[in-house]
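Coordinate inspection notes
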There are 2 protein chains.
Amino acid sequence: MVDMGRKVLILVRNLSDDERSLVEKMLNGYAEPYFIDDGVDEVAAEAEAAVVSTARHPRVREALRKAVKLRFLQTLAAGVDNIPFQDLPRNVIVASNAGANAEEVAEFTVALILTSLKNIVILDRGMRRGDWWGPTPKLLRGSKVVILGYGHIGREIAKRIQPFKPYIVGVKRRPKPDEYADEVVSIRDLEKHLPTTDILVVTLPLTKETRGFVDRRILDKLKEGALVVNVGRGPVIDEEALFEALSRRKLYAALDVWWVYPSRRGEPTFQNKPFHLLDNVVMTPHVAGSWPGFRRKLLEHALENLRRYLAGEEPRNIVDLEEYL
Amino acid sequence: MVDMGRKVLILVRNLSDDERSLVEKMLNGYAEPYFIDDGVDEVAAEAEAAVVSTARHPRVREALRKAVKLRFLQTLAAGVDNIPFQDLPRNVIVASNAGANAEEVAEFTVALILTSLKNIVILDRGMRRGDWWGPTPKLLRGSKVVILGYGHIGREIAKRIQPFKPYIVGVKRRPKPDEYADEVVSIRDLEKHLPTTDILVVTLPLTKETRGFVDRRILDKLKEGALVVNVGRGPVIDEEALFEALSRRKLYAALDVWWVYPSRRGEPTFQNKPFHLLDNVVMTPHVAGSWPGFRRKLLEHALENLRRYLAGEEPRNIVDLEEYL
């Protein structure tokens, strides 16, 4: 293999031929890609940059441990909470893929909101027993929707629900007015909105600060009968507190992200608390960011940012490591 | 009771005190209301106008048969297919409540579209068995949505899905351009769109002309894997042809309206074909037009039109009886 000088580890497993050509084409003239599927033991120590998907697989973690000269790590995911920051060289720049699938995650989030409000899972289950007497659908129109984490995804959600005429409150660290929200407020203003919130949508990433942020106190202050939708990360919400509020039927929930994940493909996996026995929760297996062909789009978005780094431009979505270490 | 001259039959059963006061208030100065809940046998023959809900109940049908001087019949429903036109006096004017719940039906329709595209019912069912490996969600963005019946409801659906960026084709008898649709075409242009249609939304009323309109030929021409959503009336679609296309997994469906309805409350009710055994159909019990407090809004909208009639103004939504007789 020709040594072109700069080496990039592509630590995304099982790439298709098409995805592999995309990588080769996009890095052509900038650096030489080395694919985890071919084995990267030999070159890991010399690599300057890497692209990772989830970093959960042992071979990926092993390659990252060996990459002692790594200066730039680009993720495929918008969330970087699974990156083993403690194993990376100091001064490495980590860039997330934030925004790459914001539109798609927003579509799924609106689907969760509407499926829950209209009780479609329960009505469908009834119809299959011949039972036509289910709960009455609720309206999105006129409801108050609080979007906790008003970033790329939050904004795309607001844009899609706006024609239904809810009252939309975006919550973010540095609030500024936005065309799709009725208000954008800071986190310290969240509390006063809770007693009038019909739908709380959580899109927060998992950081030191957000872990357990949606705790018992917040859930207690929410309006009776409110719907909690989580497409951020499971542990942003206190599992026990949410389970308890659902069990006493104070709240409804639609959850795509979880506290417990399968450790092996095909292995039946449940949470610490038996959410699967509740009928006031809609459950999906972390698929908000999946759609046919999604990995190619994520890869393209990620490689474009890697190319910026390699070309000496400022990469986008640089992660503040302080929030994770 | 004082005879004010003009008599109106309120043939909507089990009105609340609040709904009853609404009727009295809105008709005050125009006519005297007589409520079916109080018995209307005495006055039916003298009534000039009536308001009906579904006209399925025997007492309602009986009152209508007796109302030999009826000049104006206002329905609460947008669809008038259950009105016993043959029992009404000649020259009666029938007005539907079209548009009264268009926004709400549109909300529900978008919920059905998204629940189906994202496979939420199936994913939720899997999660309850600990199974995380379900079908990949599909995107509304970039899909082609054909709305068969581009009236009040069709337009409200288009308005709500527009931010998802599908390609929207409205189909109606007298097409004219509309801000929410990419195209509005006539019924004879439907066919050429079918092979590229991802989502066919049926909002058609049930008339002589629309009964069985969505037949085997239309379903056969639809794109492989297309989703058929019906919020119009069941018999607009050929039950057997749809069941067959679903059984061989050519299509998906989300159905809120049916061919067979329960005859008594609480009685298990299935269709002629076992749709309830298919996992590529989402089933809801004709609730698209229901929401907490919906009857009051329908009543208000209907009474406003009745008031127009009583005041000698032109009522809205006059039904062309030719389409039903």
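In what follows, the accompanying structure is described.

Conventions and cut-offs
Residues numbered from 1 in each chain as written. Chains lettered and ligands numbered in written order. Predicted model: local features only at pLDDT ≥ 70, side-chain atom pairs only at ≥ 80, totals over all residues. Heavy atoms only, no water. Helix = DSSP H or I, 4+ residues; strand = E, 2+ residues; numbered from the N terminus. Rg over C-alpha atoms; globule rule 2.2 N^0.38 Å. Buried < 20%, exposed > 50% of the residue type's maximum accessible area, 1.4 Å probe, protein only. Contact = heavy atoms within 4.5 Å. Areas by Shrake-Rupley, 256 points an atom, 1.4 Å probe, with all protein chains shown as cover. Lys, Arg positive; Asp, Glu negative; His and termini not counted. Charge placed at Lys NZ, Arg CZ, Asp CG, Glu CD. Pairing = 2+ DSSP bridges. Axes fitted to C-alpha atoms, helices over the stretch in contact; angles between N-to-C directions. Least-squares fit on C-alpha atoms with pLDDT ≥ 70 in both. Buried area = accessible area lost by both parts, 1.4 Å probe. Salt bridge = Lys/Arg side-chain N within 4 Å of Asp/Glu carboxyl O. Polar contact = N/O pair within 3.5 Å; in protein donor to acceptor, adjacent residues only side chain to side chain. Parallel < 35°, antiparallel > 145°, perpendicular 65-115°, else oblique. Left-handed = near helix turned anticlockwise from the far one by under 90°. Nonpolar A, V, L, I, M, F, W, Y, C, P; charged D, E, K, R; others polar.

**Thoughts on the overall build of chain A**
- If you tally the helices and strands in chain A, you get nine helices and 12 strands.
- Whereas a compact globule of 325 residues would reach a radius of gyration of roughly 20 Å, chain A reaches 21 Å, a difference of no more than 12%.
- If you line up chain A on its principal axes, its C-alpha atoms span 70 × 45 × 35 Å.
- Burial statistics for chain A: of 325 residues in total, 57% are counted as buried.
- Sequence separation of at least 24 residues holds for 64% of the intrachain contacts in chain A that already meet a minimum separation of 6.
- Put simply, chain A shows about 13,900 Å² of open surface, and 48% of that area lies on carbon and sulfur atoms.
- Positive and negative side-chain charges in chain A, numbering 49 and 46 respectively, have mean positions lying 3 Å apart.

**A word on the sheet that holds strand β3 (residues 49-52) of chain A**
All names here are of chain A.
- The strand order across the open sheet built from five strands is β2-β1-β3-β4-β5, with neighbouring strands paired in parallel fashion. Across the chains shown, the open sheet's two edge strands, defined by having one partner strand only, are β2 (32-35) and β5 (93-95). Neighbour to neighbour, the strand axes of the sheet diverge by 20° on average, direction disregarded.
- Here strand β1 (residues 7-11) runs beside β2; their pairing, made up of four bridges, is parallel. Note that in β2 the partner of I10 across the bridge is F35.
- Against the sheet, helix α1 (residues 17-27) makes contact with β1 and β2, and its axis sits at roughly 155° relative to β2, the strand it touches most.
- Lying over the sheet, helix α9 (residues 294-310) contacts β1, β3, β4 (72-75) and β5, oriented at roughly 165° with respect to β4.

**Notes on the relation of the copies chain B and chain A**
- Note on the copies: chain B fits chain A at an RMSD of 0.1 Å, the axial shift is 0.0 Å, and the rotation between them is 180°. On the angle and the small slide along the axis, the relation comes out as a two-fold axis.
- Counting the interface residues of chain B, we find that 100% of their copies in chain A are interface residues as well, pointing to one common contact surface.

**Quick notes on the interface of chain B and chain A**
- With 58 residues of chain B at the interface, the matching set in chain A holds 58 residues.
- Each partner contributes to the roughly 5,100 Å² buried at the junction of chain B and chain A, and carbon and sulfur atoms together form 65% of this total.
- Contact with chain A buries area across many residues of chain B, yet R128(B), W132(B) and W133(B) alone supply 16% of it, more than any other trio.
- Remark: the boundary between chain B and chain A carries 10 salt bridges.
- E103(A) serves as the salt-bridge partner of K165(B), at 2.6 Å between the closest nitrogen and oxygen.
- Where chain B touches chain A, the interface holds 25 residue pairs in polar contact (both at pLDDT 80 or more).

**Examining the pairing of strand β6 (residues 144-148) of chain B**
All names here are of chain B.
- Judged by how many residues are buried, β6 sits mostly within the fold: five of five residues are covered.
- Taking every second residue as pointing to the same face, both faces of β6 are buried, with K144, V146 and L148 on one and V145 and I147 on the other.
- Here β6 pairs with strand β9 (residues 199-202) via four bridges, running parallel. By the bridge assignment, I147 is partnered in β9 with V201.

**Thoughts on the pattern of salt bridges**
- Taken as a whole, this structure holds 72 salt bridges over all chains when the rule is applied.
- Here D87(A) and R65(A) are joined by a salt bridge, their closest N and O atoms 3.5 Å apart. Of this pair, D87(A) sits in the loop between β4 and β5 while R65(A) sits in helix α2 (residues 58-66), and the two are 22 residues apart along the sequence.
- With its nearest N and O atoms 2.7 Å apart, the salt bridge here joins K223(B) to D198(B). Taken together, the residues span a long stretch of sequence, with K223(B) in the loop between α7 (216-221) and β10 (227-230) and D198(B) in the loop between α6 (190-193) and β9 at a distance of 25 residues.

**What to know about the packing of helix α3 (residues 102-117) of chain B against helix α5 (residues 152-161) of chain B**
Residue and element names in this part refer to chain B.
- Between α3 and α5, the shortest axis-to-axis distance is 8 Å and the interhelical angle comes to 50°. Relative to α5, the element α3 is oriented oblique. Seen along the crossing, α3 lies across α5 with a hand that is right-handed. Note on element contacts: α5 touches α3 through H152, I153, E156, I157, R160 and I161, opposite A102, E103, V105, A106, E107, T109 and V110.
- For the contact of α3 with α5, the residue count by class is seven nonpolar, two polar and four charged.

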